[in-house]
Amino acid sequence: MLKQPRRGLTIVIGLFPVLAAIALLAAACGGGGDSSSATNTPSGNTFDITMGDNFYKPNEFTFKGGQKVTFNLNNTGIAIHMMRIAGIDNTYNTADDQTSEMVIQAGQSSKFEWTVPTKAGLYNFRCDYHPTDSIGTYTVQ
Ligand SMILES: [Cu+2]
């Protein structure tokens, strides 16, 4: 008679880590889904980007070739920032670069409208003032 409830209790305690893991996984999947829809939506055209010292957040995007895109660049840092998008040659400081306002002051926002290259691939963007830290990529499908 005493063994029955003990066994039941053992099973419940034994299952708890499994249930907790499932709950955690479900939560993680939900979060991941949200962030990928925010940073990875080929059909969306407008994106809010935080420019800090010295990073872009988010800094990975996926677009359709030829898509017109608007980046709302918000400088939340104390340094000046900008964005230079390497064009179809994926090389900086060439004729096909597209650039935001060249100086976006600390605390300021700037709307940057540009057109995605028509060739599929992985391309880079960066800040001219922080070219090794403020960097990101975009995939053209
Ligand atoms: Cu910068």
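Here, the structure is the one placed above.
Owing to the predicted nature of the structure, the values given are computational and were not obtained by experimental measurement.

A few words on the overall build of the protein. Counting its secondary structure elements, the protein contains 1 helix and 9 strands. Ordering the α and β elements of the protein from the N terminus gives α-β-β-β-β-β-β-β-β-β. Per-residue burial for the protein yields a buried fraction of 16% across its 141 residues. Long-range contacts, defined here as pairs at least 24 residues apart, represent 61% of the contacts in the protein between residues at least 6 apart.

Pairing is mixed in the open sheet, where 4 strands are placed in the order β2-β1-β4-β7. Sheet topology places β2 (55–57) and β7 (109–115) at the edges, where each strand pairs with a single neighbour. Along the sheet, successive strands turn relative to each other by an average axial angle of 30°, direction set aside. Alignment of strand β4 (residues 68–75) against β7, held across 7 bridges, turns out to be antiparallel. Bridge pairing in β7 links L73 to S110.

What follows deals with the sheet that holds strand β6 (residues 98–99). Ordered in space as β3-β9-β8-β5-β6, the 5 strands form an open sheet in which the pairing is mixed. Each edge of the sheet is formed by a strand with only one pairing partner; in this case those strands are β3 (60–63) and β6. Sheet analysis places strand β5 (residues 84–85) next to strand β8 (residues 121–126), joined by 2 bridges and oriented antiparallel. Looking at β8, one finds that I85 is bridged to F125.

Right, let's talk about the nonpolar core for a bit. One finds I49, M51, L73 and M83 to be the most contacted residues of the largest nonpolar core, which totals 17 residues. Looking at this core, the elements with two or more residues in it are β1 (46–52), β3, β4 and β8. Contact partners of M51, with chain neighbours within four places excluded, come to Y56, L73, N74, N75, T76, G77, H81, I104 and S134.

Attention now moves to unusual backbone geometry. That bond from D53 to N54 is cis: its omega, -10°, falls within 30 degrees of zero. Tracing the backbone through its elements, the reader meets N54 in the loop between β1 and β2. For the bond running from K57 to P58, omega is -5°, close enough to zero to count as cis. Relative to the elements of secondary structure, P58 occurs in the loop between β2 and β3. Despite not being glycine, N90 has its phi angle at roughly 50°, a positive value.

Conventions used here
- Residues numbered from 1 in each chain as written.
- Predicted model: local features only at pLDDT ≥ 70, side-chain atom pairs only at ≥ 80, totals over all residues.
- Helix = DSSP H or I, 4+ residues; strand = E, 2+ residues; numbered from the N terminus.
- Buried ≥ 20, exposed ≤ 12 C-beta atoms within 10 Å, placed from the backbone.
- Contact = placed C-beta atoms within 7 Å.
- Pairing = 2+ DSSP bridges.
- Axes fitted to C-alpha atoms, helices over the stretch in contact; angles between N-to-C directions.
- Core = buried A, V, L, I, M, F, W, Y, C linked by C-beta atoms within 7 Å.

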